[in-house]
2 protein chains.
Amino acid sequence: MPQEPIDAAKSLFIRRWGEMGATWGISRTMAEVHALLYLAPEPMCTDEVMDQLAISRGSASMNLRELENWGLIQRLHRRGDRKEYFQAEQDVWQMFETIMRERRRREVLPIMETIERCTDMIDQNHTKLRGDARRQVDDCRQRFADILEFCEMMNTMFNLMSQAGRTGVRSVAKQIGKFLRER
Amino acid sequence: MPQEPIDAAKSLFIRRWGEMGATWGISRTMAEVHALLYLAPEPMCTDEVMDQLAISRGSASMNLRELENWGLIQRLHRRGDRKEYFQAEQDVWQMFETIMRERRRREVLPIMETIERCTDMIDQNHTKLRGDARRQVDDCRQRFADILEFCEMMNTMFNLMSQAGRTGVRSVAKQIGKFLRER
DNA sequence: TAGCCTTTTCAGAAGATATTGAAAGGATCA
DNA sequence: TGATCCTTTCAATATCTTCTGAAAAGGCTA
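Every chain's residues receive numbers from 1 upward, in the order its sequence appears when written. Here the convention is simple: chains get letters from A, ligands get numbers from 1, in the order in which they are written. Under the rules for a predicted model, residues below a pLDDT of 70 receive no local features and side-chain atom pairs below 80 are neither given nor counted, while totals for whole chains, interfaces and linings still include all residues. Here the side-chain values reflect all heavy atoms present in the structure, with hydrogen atoms and water set aside.

### Remarks on a negative patch on the surface
Logical step 1: A grouping of Glu113, Glu116, Asp120 and Glu152 of chain A is seen on the molecular surface, where their side chains present a negatively charged patch.
Logical step 2: Secondary structure elements follow DSSP: runs of H or I of four or more residues count as helices, runs of E of two or more count as strands, with numbering from the N terminus. No other element matches the 3 residues that helix α5 (residues 92-123) of chain A contributes to the negative patch. Residues form patches when they are more than 30% accessible in relative terms and have no salt bridge. Like charges link within 9 Å. Nonpolar side chains (Val, Leu, Ile, Met, Phe, Trp, Tyr) link within 5 Å. The protein chains shown are the only cover counted for residues, whose accessible areas, like all others here, come from Shrake-Rupley with a 1.4 Å probe. For salt bridges, the criterion is a side-chain nitrogen of Lys or Arg within 4 Å of an Asp or Glu carboxyl oxygen. Two residue types count as positive, namely Lys and Arg, and two as negative, namely Asp and Glu; His and chain ends fall outside the count. Charge coordinates come from a single atom per side chain, which is NZ of Lys, CZ of Arg, CG of Asp or CD of Glu.

Following this line, the structure appears as structure tokens:
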């Protein structure tokens, strides 16, 4: 692919973005497709994606659909053209919000439910216990509570950041800085 | 393992924590070991970890070391005992800070460097270009700049949150809420 | 409806990652 | 020093994930 400097630069970024995605639990190829579309000046069709990344039709189809499920890319149709075209969300903040919202829904909320359930479980025969056994249960309970509190705090922070949005976050950061210096 | 409700609860949490870790690019077993140690009332030795999670000595050794590298657990020695014991960081906020710092170092900073390098690459023959080619390069440049700006903002937010710490973040959240309502 | 173009699906292959278990390496003690 | 106990290493293996490519399905047009 590398030919012009711009192609080399895009190619380099796409590879790195893919590698980074892999360490965050996103398949390398999916992250590469995302990067490719993010940098593309125009919406791309499946064949173009296949060619640029040297992947099979099946893989392209799967990864494009998955990205669509995440809400990170959009499917477009063009009049007089049977092909489908794909376009990535261009606003990085929007992208971040989308990813965080999905991850919260898929991963954070379930673990919060689990923790609540765990707490209920150990509360079952809590009052019957005495001495060391009781101490251990209380201890465990506290640890569950700590994680839960943390998750709730992160949710709050995320909500505030979403609300503030791209332009707002900078002012928010300033506010925090000021607040920290004053306290 | 499940016997007493507390064991069942711990076991459930450990499994879920492991699953969640897996979706965030941490191996399931490593996350399970971490959860096990986080909930343990006392430091545990390798054999106890092996037994509780039904994993091999090799796996236990590797995962414990990896957790130590991340700074999430500590290795302890006891007088008159040749075994090594492991203890997890108990403060959830500290834990979060450690994870974020490591991830930033390992994954965010490298991608920021890459983006800077990409920007330099496309700047090489930028002035020579005209018309559409030039427009495309400018466009691409802007996208790189957007991501970079985002990464920098996240760094700032992270630094502020670390500084604020456990107790501070709650007040900070309140401040932001107020600020957003007022603006 | 048939023909054409495109997308989706999925079983099998390939590739990546994690685990095992046994041998080697270290440390401590008598 | 030798015996003992514990940890680390690593090649082989198992497991999990992702990719491929061809067949099936979907859908538009004439």
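Structure's up, so let's keep going.
### Some thoughts on the protein's contact with DNA strand C
Logical step 1: Inspection of the region around DNA strand C gives 18 residues, with Arg65 and Glu84 of chain A together with Thr29, Ser56 and Arg82 of chain B positioned closest.
Logical step 2: Per the 4 Å cut-off to the protein, sugar and phosphate atoms form 69% of the nearby atoms of DNA strand C.
Logical step 3: Distance and chemistry together define a polar contact, namely a pair of N or O atoms within 3.5 Å, with one atom able to donate a hydrogen and the other to accept it when in protein, and with adjacent residues in sequence counting only for side-chain atoms on both sides. In the environment of DNA strand C, a phosphate oxygen lies 3.1 Å from a nitrogen or oxygen atom belonging to the side chain of serine 61 of chain A.
Logical step 4: Between DNA strand C and arginine 82 of chain B, the relevant distance is 2.9 Å, taken from a base oxygen to a side-chain nitrogen or oxygen of the residue.
Logical step 5: Going through the elements one at a time, α4 (57-70) and β3 (81-88) of chain A together with α4 (57-70) of chain B are the ones with two or more residues in the surface near DNA strand C.
Logical step 6: Examining the composition of the surface near DNA strand C, we find that 4 residues originate from one element, α4 of chain A, more than from any other. We define proximity as follows: a residue is near a molecule or strand when any one of its heavy atoms falls within 4 Å of that partner.

### Here's the deal with the protein's contact with DNA strand D
Logical step 1: Near DNA strand D there are 18 residues, and of these Thr29 and Ser56 of chain A together with Arg65, Arg82 and Glu84 of chain B occur at the shortest range.
Logical step 2: Serine 61 of chain B is positioned with one of its side-chain polar atoms (N or O) 3.2 Å from a phosphate oxygen of DNA strand D.
Logical step 3: In this structure, a phosphate oxygen belonging to DNA strand D sits 3.0 Å away from a main-chain N or O atom of glutamate 84 of chain B.
Logical step 4: Sorting the residues of the surface near DNA strand D by element identifies α4 of chain A together with α4 and β3 (81-88) of chain B as the ones contributing at least two each.
Logical step 5: It is α4 of chain B that provides the largest number of residues to the surface near DNA strand D, a total of 4 residues.
Logical step 6: Each residue gets one label: Ala, Val, Leu, Ile, Met, Phe, Trp, Tyr, Cys and Pro are nonpolar, Asp, Glu, Lys and Arg are charged, and the others, such as Gly, are polar. Looking at side-chain class alone, the surface near DNA strand D contains 2 nonpolar, 9 polar and 7 charged residues.

### Overview of the pairing of strand β2 (residues 73-78) of chain A
If a strand is regular, its side chains alternate between the two faces of the sheet.
Logical step 1: Think of it this way: DSSP has to see at least two bridges between two strands before they count as a pair. Pairing geometry for β2 of chain A and β3 of chain A, over 6 bridges, is antiparallel. Note that in β3 of chain A the partner of glutamine 74 of chain A across the bridge is glutamine 87 of chain A.

### Things to note about the side chain of threonine 29 of chain A
Residues and elements named next belong to chain A.
Logical step 1: On the secondary structure map, threonine 29 appears in helix α2 (residues 28-39).
Logical step 2: Residue burial is assigned from relative accessible area. The probe radius is 1.4 Å, only protein chains are included, and a residue is buried under 20% of its type maximum, exposed over 50%, and partly exposed in between. The class of threonine 29 is buried, set by a relative accessible area of 17%.
Logical step 3: Contact criterion: two residues are considered in contact whenever any of their non-hydrogen atoms come within 4.5 Å of each other. Residue contacts for threonine 29: discarding those within four places in its chain leaves Ile55, Ser59 and Asn63.

### Observations concerning the domain arrangement of chain A
Residues and elements named next belong to chain A.
Logical step 1: Note: domain ranges come from an automatic or database domain assignment. Partitioning chain A into structural domains gives domain 1 (5-88) and domain 2 (92-182).
Logical step 2: Taken over C-alpha atoms, the centre of domain 1 sits 33 Å from the centre of domain 2.
Logical step 3: Listed per partner, the contact involves 10 residues of domain 1 and 7 residues of domain 2.
Logical step 4: Summed over both partners, the interface of domain 1 with domain 2 buries about 730 Å², with 66% contributed by carbon and sulfur atoms.
Logical step 5: Accessible surface is computed with a 1.4 Å probe, and the buried area is the amount of it that two parts give up when combined, taken over both parts together. Its largest share of buried area at the contact with domain 2, domain 1 owes to Tyr38, Trp70 and Leu72, together 64% of the area lost on that side.
Logical step 6: Applying the counting criterion to the domain 1 and domain 2 interface returns 1 residue pair in polar contact (both at pLDDT 80 or more).
Logical step 7: Looking at the side of domain 1 that touches domain 2, the elements with two or more residues in it are α2 and α4.
Logical step 8: With 3 residues, α4 is the largest single contributor of residues to the side of domain 1 that touches domain 2.
Logical step 9: Partitioning the side of domain 1 that touches domain 2 into residue classes produces 5 nonpolar, 4 polar and 1 charged.

### Here we look at the sheet that holds strand β2 (residues 73-78) of chain B
Residues and elements named next belong to chain B.
Logical step 1: Pairing is antiparallel in the open sheet, where 3 strands are placed in the order β1-β3-β2. In this open sheet, the two edge strands, each paired with only one partner strand, are β1 (44-45) and β2.
Logical step 2: In this structure, β1 lies alongside β3, joined through 2 bridges in antiparallel fashion. From the neighbouring strand, methionine 44 faces β3, where its bridge partner is phenylalanine 86.
Logical step 3: Axis geometry follows a simple rule: fit a line to the C-alpha atoms, using only the stretch in contact for helices, then measure angles between N-to-C directions, giving values from 0 to 180 degrees. Together, β2 and β3 form the strand contacts of α4, whose direction differs from that of β2 by roughly 115 degrees.

### Some thoughts on the side chain of lysine 10 of chain A
Logical step 1: Within the secondary structure, lysine 10 of chain A sits in helix α1 (residues 5-23).
Logical step 2: For the buried residue lysine 10 of chain A, which engages in no salt bridge, the nearest side chain bearing the opposite charge is aspartate 7 of chain A, 5.6 Å off.
Logical step 3: Setting aside anything within four residues of it in sequence, one finds lysine 10 of chain A in contact with Leu39 and Pro41 of chain A together with Cys140 of chain B.

### Details of unusual backbone geometry
All names here are of chain A.
Logical step 1: At alanine 54, a residue that is not glycine, the phi angle is positive and equals roughly 55 degrees.
Logical step 2: Within the fold, alanine 54 resides in the loop between α3 (46-53) and α4.
Logical step 3: Take alanine 54: its relative accessible area is 69%, and that puts it in the exposed class.

### Describing the relation of the copies chain A and chain B
Logical step 1: It takes a turn of 180 degrees to lay chain A on chain B, together with a shift of 0.0 Å along the axis; the resulting RMSD is 0.1 Å. The transformation relating the two chain copies, once decomposed into turn and shift, fits a two-fold axis. Identified as the residue of chain A closest to the rotation axis by C-alpha distance is glycine 25 of chain A, at 2.1 Å.
Logical step 2: Most of the interface of chain A is mirrored in chain B, where 100% of its interface residues are also at the interface. Least squares is used to superpose the copies, and the fit set is the C-alpha atoms of residues whose pLDDT is at least 70 in both copies.

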